[in-house]
Amino acid sequence: MRDIARARQAIGARLKELRLDARLTGRQLAARYGWQPSKISKIESGKQTPSEADIEAWCRAVERPDEQADLIASLRAMETLYAEWRRQLRLGTKAKQQNWLEMEAETKSFRVFEPCVIPGLLQTGEYARQRLAQSIAFYETPNDLEEGVATRLRRQEILYDSSRTFHFVILEAALRLGMAPLDVMFGQLDRLMAASAMPRVRLGVIPMQAVLPFTPLNGFWLLDRRVVLAETYSAELTLTLPEEIKQHERMFDLYAKAAHYGPLARRLIASAIATLSQLAEDSTTT
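Predicted model only: the values in this text are computed from it and were never measured. (Residues numbered from 1 in each chain as written. Predicted model: local features only at pLDDT ≥ 70, side-chain atom pairs only at ≥ 80, totals over all residues. Heavy atoms only, no water.)

Caption draft 1: Main features of the overall build of the chain. A count of helical and extended segments in the chain gives 13 helices and 7 strands. By principal-axis analysis of the C-alpha atoms, the chain measures approximately 85 × 40 × 35 Å. Residues counted as buried form 46% of the 286 residues belonging to the chain. The contacts in the chain between residues at least 6 apart in sequence include a share of 76% that link residues at least 24 apart. Within the structure as shown, the chain displays about 14900 Å² of accessible surface, and the carbon and sulfur contribution to it stands at 53%. Mean positive and mean negative side-chain charge positions of the chain (39 and 36 charges, respectively) differ by 5 Å. (Helix = DSSP H or I, 4+ residues; strand = E, 2+ residues; numbered from the N terminus. Buried < 20%, exposed > 50% of the residue type's maximum accessible area, 1.4 Å probe, protein only. Contact = heavy atoms within 4.5 Å. Areas by Shrake-Rupley, 256 points an atom, 1.4 Å probe, with all protein chains shown as cover. Lys, Arg positive; Asp, Glu negative; His and termini not counted. Charge placed at Lys NZ, Arg CZ, Asp CG, Glu CD.)

And the structure:
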């Protein structure tokens with residue numbers, strides 16, 4: 001993909017700068033480690049991806065150990081930049097949910113922003129079934145719906161772990177969009193009411209009339225301060241560069257400041273429930 005190619009070129013360009021600053025020729029650097037001279041030119045031009053060992057050796061040769069951590073972080077970010085949904089889901093939704101469960105088990109602080117859907121850790125089984133069924137149909141993956149739902153619900157056990165903290169921010173639109181049948185949405189909104197009162201859960205809802213601080217291009221999950229997860233239609237992004245994490249932290253803080261919490265958030269949820277009740281009543285009288 002072009003994004004990966006650009007990332008590889010950026011790493012190569014920085015390594016070249018470091019070599020030139022150290023007044024080393026490509027042949028001198030290659031000779032130091034018994035590399036082929038062509039390896040240097042390929043890495044610097046972005047045609048070959050360096051390994052972490054290559055970067056460590058390069059920084060040592062140019063006497064710039066301070067550059068090593070950032071370059072390796074860039075390399076890891078490039079390697080995990082895109083994980084295609086079809087590859088991720090080839091074993092079914094259960095495997096994907098298991099991956100999430102394992103990542104969450106390593107996390108102490110969760111910060112989650114979702115503009116259109118209820119975050120997975122707060123979903124009811126019926127709502128989760130709607131979400132996973134859509135993924136199975138769209139991506140034509142193995143149909144292990146019940147196993148996927150069960151694993152997603154097992155992920156929610158972490159909400160009761162006293163060593164974790166959770167901060168969720170959603171748009172009011174997530175309460176009102178037709179993401180599931182009315183009876184499923186009733187149950188889901190009732191679940192949100194209960195979740196908002198949990199001791200380690202902070203649930204913020206941004207009202208429809210609020211002036212948004214930034215265009216909500218997509219949802220994202222901040223797991224501690226080590227990784228950002230964001231989904232697109234074709235891929236899941238795994239972002240680990242410090243600057244990317246800082247940008248998402250800033251964005252999360254902006255949305256969090258625009259959100260209502262506690263009784264005000266529950267008032268928005270109650271309003272959405274009232275709207276659903278009216279819709280249900282109207283549907284029975286027509």
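Caption draft 2: Structural view of the pairing of strand 3 (residues 165-171). Among the 7 residues that make up strand 3, 6 are buried, leaving the element largely enclosed by the rest of the structure. Note that strand 2 (residues 109-114) and strand 3 share 6 bridges and pair parallel. Directly across from F113, in strand 3, lies its bridge partner V169. The pairing of strand 3 with strand 4 (residues 201-206) spans 6 bridges and is classified as parallel. Bridge pairing links F166 to V201 in strand 4. (Pairing = 2+ DSSP bridges.)

Caption draft 3: Looking closely at the environment of H260. Among the secondary structure elements, H260 is positioned in the loop between helix 12 (242-258) and helix 13 (262-285). Taking the C-alpha atoms as reference points, H260 and D54, separated by 206 residues in sequence, lie 49 Å from one another. Sequence-distant contacts of H260, that is, excluding residues within four places in its chain, are made with L203, G204, V205, P207, A265 and L268.

Caption draft 4: Region of interest: the packing of helix 11 (residues 182-195) against helix 13. Taken N-terminus to C-terminus, the directions of helix 11 and helix 13 make an angle of 165 degrees; their axes are 10 Å apart at the nearest point. In terms of axis orientation, helix 11 runs roughly antiparallel to helix 13. Taken as a pair, helix 11 and helix 13 cross one another with a handedness that is left-handed. Where helix 11 approaches helix 13, its residues L182, M185, F186, L189, D190, L192 and M193 are matched on the opposing element by R266, I269, A270, A272, I273, L276, S277, L279 and A280. When the residues that make up the contact of helix 11 with helix 13 are grouped by side-chain class, the tally is 13 nonpolar, 1 polar and 2 charged. (Axes fitted to C-alpha atoms, helices over the stretch in contact; angles between N-to-C directions. Parallel < 35°, antiparallel > 145°, perpendicular 65-115°, else oblique. Left-handed = near helix turned anticlockwise from the far one by under 90°. Nonpolar A, V, L, I, M, F, W, Y, C, P; charged D, E, K, R; others polar.)

Caption draft 5: View of the packing of aromatic side chains. Evaluation of the coordinates by the stated rule reveals 8 aromatic pairs. A centroid spacing of 6.3 Å and a plane angle of 5 degrees characterise the contact between F166 and F168, whose relative ring orientation is stacked. Here F166 falls in the buried class, since its relative accessible area comes to 2%. On the basis of relative accessible area, F168 is assigned to the buried category, the value being 0%. (Phe/Tyr/Trp six-rings, centres within 6.5 Å; stacked < 30°, edge-to-face > 60°.)

Caption draft 6: Focus on helix 11. In a regular helix each residue adds 1.5 Å, so 14 residues correspond to 20 Å; helix 11 covers 20 Å between its end C-alpha atoms and thus fits that length. For helix 11, the full list of buried residues reads V184, M185, Q188, L189, R191, L192 and A195. One side of helix 11 holds all its buried residues, which, seen down the axis, span an arc of 155 degrees. Projecting away from the buried face of helix 11 at angles above 90 degrees are the exposed residues D183 and D190. Tucked inside the fold, the buried residues of helix 11 contact helix 8 (125-139), strand 3, helix 10 (173-176), strand 4 and helix 13. (Expected span 1.5 Å × (residues − 1). Arc of directions from axis to C-beta.)

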